[in-house]
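Structural characterization, general
Each chain is listed here by its residues.
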Amino acid sequence: MRQMLGSFTLMAGLIVAITAGLPVSIHAQEAGQPARDSDKPIQFSKRESQPGDDELRRALIERYNAAVENYPVQKAAYEAGVLTLDRLLDAAAMVTRSALDLCATPAEELSVWKTNLALLEQIEAREAARLKKGSAAAGDFSDSHLRTLDARVALIRAKRKAEAGK
């Protein structure tokens, strides 16, 4: 019960921080484990509409900001055991898709794909650790691994596109 209450308190705190516009860090470090470079928090920054943005651009920015707000809430719920991995992966994918729709250059797209890969590598590492401890299903690890591989392919394609544009 105490762990459950702590998880709900964490989720409520994240919701309050996000609603207040405070920066939120997301990372996958296991409790009691030393921090690694791959555990560094991934920062998502909200965007603001600019004068002259048309209706579509404003809608894309609104969707991106909603995805940025949604991800840490979904991650906290997943870590509390009240949400499945596929929902967390869907939330991560929505942040990526929304960010890509705001990109104006191949270099910006490359940056989004790099962040996406780092995020999915963190999720995969967490699933691998959970699988090793016996607290995750092999299917969850397999799904997170497949998403990471997909992100690597997308990053390679984005690199080629950025290089071709030079």
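Not measured: the values here are computed from a predicted model.

1. Focus: the overall build of the protein chain
- Secondary structure summary: the protein chain contains 5 helices and 2 strands in total.
- In sequence order, the secondary structure elements of the protein chain are arranged as α-β-β-α-α-α-α.
- Relative to its full complement of 166 residues, the protein chain shows a buried share of 37%.
- Within the protein chain, counting contacts between residues at least 6 apart in sequence, those at least 24 apart form 60% of the total.
- For the protein chain, the exposed surface amounts to about 10,200 Å²; the carbon and sulfur share of it is 56%.

2. Regarding the confidence of the model for the protein chain
- Taken over all residues, the pLDDT of the protein chain has a mean of 81, while the share at 70 or more is 75%.
- Highest mean pLDDT in the protein chain belongs to helix α3 (residues 85-100) (96); lowest belongs to strand β1 (residues 25-26) (38).
- For the stretch residues 1-37, pLDDT sits under 50, and the model shows 50 contacts to residues farther than four places along the chain or on other chains.

3. Regarding the layout of surface pockets
- Approximately 270 Å³ is the volume attributed to the second largest pocket.
- In terms of lining, the second largest pocket is formed by 17 residues, of which the most central are R47, Y64, A99, V112 and T115.
- Counting residues per element, the ones that place at least two in the lining of the second largest pocket are α3 and α4 (106-133).
- The element best represented in the lining of the second largest pocket is α4, accounting for 6 residues.
- By residue class, the composition of the lining of the second largest pocket is 9 nonpolar, 6 polar and 2 charged.

Conventions and cut-offs
- Residues numbered from 1 in each chain as written.
- Predicted model: local features only at pLDDT ≥ 70, side-chain atom pairs only at ≥ 80, totals over all residues.
- Heavy atoms only, no water.
- Helix = DSSP H or I, 4+ residues; strand = E, 2+ residues; numbered from the N terminus.
- Buried < 20%, exposed > 50% of the residue type's maximum accessible area, 1.4 Å probe, protein only.
- Contact = heavy atoms within 4.5 Å.
- Areas by Shrake-Rupley, 256 points an atom, 1.4 Å probe, with all protein chains shown as cover.
- pLDDT = per-residue confidence, 0-100.
- 1 Å grid on protein atoms, 1.4 Å probe; cavity = no way out; pocket = protein on both sides within 12 Å on 5 of 7 lines; lining within 4 Å.
- Points joined across faces, edges and corners; volume = space filled by probe spheres on them.
- Nonpolar A, V, L, I, M, F, W, Y, C, P; charged D, E, K, R; others polar.

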